[in-house]
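One letter stands for each residue in the lines below.
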Amino acid sequence: MAVLPRISLCIRTLGRRGGRVLWVAAAAAVLIVLGLAVGRPASSGAAGVDHMGDRQKWMAGRLRAALRENMEEFMGKDAKATFLPKGEVPRLTDIDAVEFLDYMKSSQPFVLSNPGKFPCTRNKWDLGFIEREAGDDVVGIETSKSNRFYSNEGLKKARMTVREFLQTFRSPDRKVDLYLAEESVAQFPKLEADVQELGFASAGSLDKTQVWIGAGGQVSPLHHDQWENLLCQLAGTRVVTLYDPLQTDRLYPKAGINRHFSQVDPEHPDYAKFPRFVDAKGHRVKLSAGDILFVPAMWWHQVHHEAAVNVAVNFWYLPSLLSELLMDVLLPDGPNY
């Protein structure tokens, strides 16, 4: 889709769902997309900002600084800066393609609870089924001694068959915690054949489909992804705590390659070290088998597995325009954030 029609659709959607700060963020970021160097200081020669990429980077820096300088005004209690008009993540029992695109383009999460109408797999994925269909497939398994996973820092993986993983996984004598995480379903041909994409999401640009198998107590630390995410809970329960993108400044992103991870542990926050987090507002949702959670791109989320066995499949779609704009404006560039 061309840029200008996408911008128009994005702004119209925000008018229906968004608060004032969404208009500000979108309007500011549109300038980046269009490459307008409004108010750019005069310059010439090799030292000037002559290339579109440099111009957009320069604009992004100025807009980001302006948004941060006025963050308290934008996000104050009276500003109604929210992606969730009713103040909570909506729970739905039905949705169609038009409604899903509306949620995606306005960057609004939801939980869909109607497994009879919206099954993500053809069969029930208990551990017995997974072992029968994928036991000989070899996969990378994340290991941890703290039950915290999904971080580029100190991440270790062990190669083993799914059968070996499940045997170790179920052993009460295991010395480390194991997590089959973010593994492409294409690695498991029989499981892949059992997965079915949700019809209401077929208008999106599907990029990846992944499998997740974990045990009780496991935590995926607070982070965000660059994809629009439909998470299908197939077995067990998990609690997901969500923070909208406009709270990025309060969540203290790490620098560099790990900037999509927060330094804060929402379950045990250190307010002395991270004082802005005291004003962060999270939305806690609990997923049971059959539930589907839509996590828009750029929404921060921490995942805590509650049940003894957790199985999920997720579909990652290429991000909407609004998510791309928010990513340009709100994320830090370097280590001094």
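Shown above is the structure to which this text applies.
Model, not experiment: these values are computed from the prediction.

(A) Main features of the sheet that holds strand S6 (residues 206-215). Pairing is mixed in the open sheet, where nine strands are placed in the order S1-S2-S11-S8-S13-S6-S5-S3-S4. Sheet topology places strand S1 (91-92) and strand S4 (156-161) at the edges, where each strand pairs with a single neighbour. Pairing between strand S2 (residues 110-113) and strand S11 (residues 291-295): four bridges, direction antiparallel. From the neighbouring strand, Ser113 faces S11, where its bridge partner is Asp291. Against the sheet, helix H7 (residues 162-169) engages strand S3 (138-144), S4, strand S5 (177-184), S6 and strand S13 (309-317), with an angle of about 110° to S4.

(B) Geometry of the pairing of strand S12 (residues 300-305). With five of its six residues buried, S12 lies for the most part within the structure. The pairing of strand S7 (residues 219-223) with S12 spans three bridges and is antiparallel. By the bridge assignment for S12, His223 is matched with His301. Where strand S9 (residues 238-243) and S12 come together, six bridges link them in antiparallel fashion.

(C) Up close: helix H5 (residues 97-105). Taken together, the buried positions of H5 are Phe100, Asp102, Tyr103 and Met104. Regarding H5, its N-cap is Asp96, as a side-chain oxygen of that residue lies 3.2 Å from the backbone nitrogen of Val98 further along. Following H5 by one or two positions, Ser107 adopts a phi angle in the positive range, close to 55°.

(D) Highlighting unusual backbone geometry. You will see that Ser107, though not glycine, has its phi angle at about 55°, which is positive. Structurally, the position occupied by Ser107 is in the loop between H5 and S2. For Ser107, a relative accessible area of 0% puts it in the buried group. Look at Tyr252: it is not a glycine, yet its phi comes out positive at around 55°. Relative to the assigned elements, Tyr252 resides in the loop between helix H9 (248-251) and strand S10 (283-287).

(E) Region of interest: the nonpolar core. Trp125 and Leu230 are the most contacted members of the largest nonpolar core, which totals 43 residues. Apart from residues lying up to four places away in sequence, Trp125 is in contact with Ile130, Leu191, Asp194, Val195, Val211, Leu234, Ala235, Val311 and Val313. Counting 18 residues, the second-largest nonpolar core is a separate cluster that includes Tyr179, Val240, Leu246 and Trp299.

Conventions and cut-offs
- Residues numbered from 1 in each chain as written.
- Predicted model: local features only at pLDDT ≥ 70, side-chain atom pairs only at ≥ 80, totals over all residues.
- Heavy atoms only, no water.
- Pairing = 2+ DSSP bridges.
- Helix = DSSP H or I, 4+ residues; strand = E, 2+ residues; numbered from the N terminus.
- Contact = heavy atoms within 4.5 Å.
- Axes fitted to C-alpha atoms, helices over the stretch in contact; angles between N-to-C directions.
- Buried < 20%, exposed > 50% of the residue type's maximum accessible area, 1.4 Å probe, protein only.
- Polar contact = N/O pair within 3.5 Å; in protein donor to acceptor, adjacent residues only side chain to side chain.
- Core = buried A, V, L, I, M, F, W, Y, C linked by side-chain atoms within 4.5 Å.

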